[in-house]
Amino acid sequence: MKIPSLLALALAGSAAAFAPASPVAGFATRDGGATVENARFSGARIVHPAPPVALGASSGAAAAGLAGRVLQPILRRPANVFLAFLAAAATYLLSRRNAMQSLLWPGAQPDVAYPDNPLPEGSMGCPFLGHPGLFAGAKDYGPFAGFGKISQKWGSVFRTYSLGMPVVSVSGVDSIKSVLKNYEFRPDGVNTYLMGEKNLGEVMGNEGILYEADNDKHNMLRRLVGNAMTPAALEAALPSIQEVADRQVDKILEAETVQMESVFDDFTLDIAWKQILGLDLTEEEIPEFHRNVHVWTSKLMYVMLLLPFRIPGLMTLTKVGRARAYLVSKVEEKLARLDRDGPDSSTLSKLYFATDDDGTTKLTRTQVIHNALLLIIAGSETSASTLTVISLLLGLHPDVWEKIKEEQRELCSEYGEELTPKTLEKCTYLDAVIKEAMRIKPLEAQEARLVGETFVLDEQQIPKGCTVLLNIKQTHINDPAVYKEDGSHMSIKTGFKPERWLDESTKPMAWLPFGDGKRRCIGERLAMMEMKVFLSTLARKVDRFTLVNDTDEMEWKKDTIMSRPTDGVEVRAFAAA
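Below, the structure is looked at part by part.

Cut-offs applied
Residues numbered from 1 in each chain as written. Predicted model: local features only at pLDDT ≥ 70, side-chain atom pairs only at ≥ 80, totals over all residues. Heavy atoms only, no water. Phe/Tyr/Trp six-rings, centres within 6.5 Å; stacked < 30°, edge-to-face > 60°. Helix = DSSP H or I, 4+ residues; strand = E, 2+ residues; numbered from the N terminus. Buried < 20%, exposed > 50% of the residue type's maximum accessible area, 1.4 Å probe, protein only. Lys NZ or Arg CZ within 6 Å of the ring centre and 35° of its normal. 1 Å grid on protein atoms, 1.4 Å probe; cavity = no way out; pocket = protein on both sides within 12 Å on 5 of 7 lines; lining within 4 Å. Points joined across faces, edges and corners; volume = space filled by probe spheres on them. Nonpolar A, V, L, I, M, F, W, Y, C, P; charged D, E, K, R; others polar. Axes fitted to C-alpha atoms, helices over the stretch in contact; angles between N-to-C directions. Parallel < 35°, antiparallel > 145°, perpendicular 65-115°, else oblique. Left-handed = near helix turned anticlockwise from the far one by under 90°. Contact = heavy atoms within 4.5 Å. Pairing = 2+ DSSP bridges.

We now examine the packing of aromatic side chains. Counted by the stated rule, this structure contains ten aromatic pairs. With a centroid separation of 4.9 Å and 75 degrees between ring planes, the pair formed by Phe-264 and Phe-534 is classed as edge-to-face. Taken together, the residues span a long stretch of sequence, with Phe-264 in helix α10 (residues 260-276) and Phe-534 in helix α20 (residues 524-541) at a distance of 270 residues. Each member of the pair, Phe-264 together with Phe-534, is buried. Ring centres 6.1 Å apart and planes at 70 degrees place the aromatic pair Trp-511 and Phe-514 in the edge-to-face group. The two residues Trp-511 and Phe-514 agree in class, both being buried. Looking at Lys-441, its charged tip hangs above the ring of Trp-556, at a distance of 4.1 Å from the centre. Positioned over the ring face of Phe-574 is Arg-544, at 3.9 Å from the centre of the ring.

What follows is about empty space enclosed by the protein. Here the structure, examined in full by the defined rule, presents three cavities of 30 Å³ or more. Gly-107, Ala-108, Leu-119, Met-124, Arg-159, Thr-160, Pro-166, Val-167, Val-168, Pro-463 and Cys-466 together form the lining of the largest cavity. Of all the elements in the fold, those that place two or more residues in the lining of the largest cavity are β6 (157-162) and β7 (165-170). When the residues that make up the lining of the largest cavity are grouped by side-chain class, the tally is eight nonpolar, two polar and one charged.

The next subject is the packing of helix α15 (residues 365-396) against α20. Packing of α15 against α20 leaves a shortest axis separation of 9 Å and a crossing angle of 40 degrees. As summarised for this structure, α15 and α20 are arranged oblique, according to the angle between their axes. Judged by the twist between their axes, the crossing of α15 over α20 is right-handed. Across the interface between the two elements, Gly-379, Ser-383, Thr-386, Leu-387 and Ile-390 from α15 touch Ala-527, Glu-530, Met-531 and Leu-535 from α20. A per-class count over the contact of α15 with α20 returns five nonpolar, three polar and one charged.

Side chains of strand β10 (residues 447-451) alternate between two faces, with Glu-447, Arg-449 and Val-451 buried and Ala-448 and Leu-450 left unburied. Here two bridges tie strand β8 (residues 190-191) to β10, and the two strands are oriented antiparallel to one another. Within β10, the residue paired with Asn-191 across the bridge is Leu-450. Summarising the sheet, β10 and strand β13 (residues 467-470) pair through four bridges and their orientation is antiparallel. By the bridge assignment, Leu-450 is partnered in β13 with Thr-467.

Purely geometric numbers; function is a separate question.
Take a look at the structure:
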């Protein structure tokens, strides 16, 4: 007997148990059977009951009467009635898989308007909760280890669930480009959204370019913010970045041992106050600026900021709120000086005085502040984390370090000692080193998009209301140009091969550390220039350096946005002759 028949029998029996002694017409499915369909998304056999019809004194009625006589003693107590109801409900849900998913994983059911397109396969985790640790880190992996490990198990498109949020992961260059090209900025497509708008939105800045969903407004913001990222603007910023790099490399040589992570944090944060904001900080004020940026950026990962209601005293009583208020006050001070003295070479000045193609449209004061803070996050976190990983890789691969030095010697001989845009453009091998590091250790956090209306990708439906995560790390892992079944192509010890970027036959096909589409990181050029300037300066001043700590069993920080070794990469450096 099929499951729906059992359910009908139980319900009919319950009615018979409490009905008068007179004959009662029973109900059953047509021919005692049910319709059957194959569920493509799981391969399971789902049974749907056929419409019930009255059978009168049929075999169905006889069966119902028998069930009534059996169940009558059981159902005399209210508790037993309740248990029988739960059993009937559970039996029904088991017969209707979609209904069960809707109850146990709210929002995870398929769109019935797409019967020929199944949901992606995947792991839903515990009922109601899904995978609570989906975005948690681990020492053997780094940040977002839960998601990374699930990604390695499933295909290029898979679904999962975490804390009430249905999630679909999309990896692969073609799939990611398809989502962004065909559905980005469409009202019924996919768009960025700010989780925790009541708190995270205010702390991070919800009028920045990152979260603008309107296509026309986003294009306007990108043109105006892009004014600060033009080749001419970056060339004007180069002397300031060079000065900061010289100072930090000198500190490396002055110390017996030094933690490179701290050096790179200081380097990028000095660029933040000196070049991006254009502040004039004293030696006493610099550590305060560094501390507030660190508190602000590190607390952006704080789960309490995702609460759906406003946290009382958010901007005055919490560390993250006070840190952001400090940074905003510094931006406001600078804007007051720009009002008084006019434009200068800072990035903030470019944002503040930029006008759109019509010659009149400008960023609002709030948009200037929010986008300036966004550039601090993008520049400091991406560059500092990547440089930290590169210092580890160069310590593990001294032959690569020697090739970087040789390239710099040749450039100095041909173009002179000064670093210029042309010199940086000629750093072919150094460029390959940076790209290879970002291939192995890209941004671990996923780019999130909210699905406005159900769409189909690779013959699978991506239902309305779910969150699409553009999985950059898994895209790099599955790149057919470099893929090794044992995973060695992603190992910092065996997979780091900058030379692969110098030959078209070995060049990776997948490289998306700065994202793709219209939302591709607008600070990409600045980040690349920062890294090239520092590493060029390091190669010209440092002969060699050795790693202080053992690297046999590497451990990684768990709560960062990008991978960083737990020891911060402690090195001992030796000056060039």
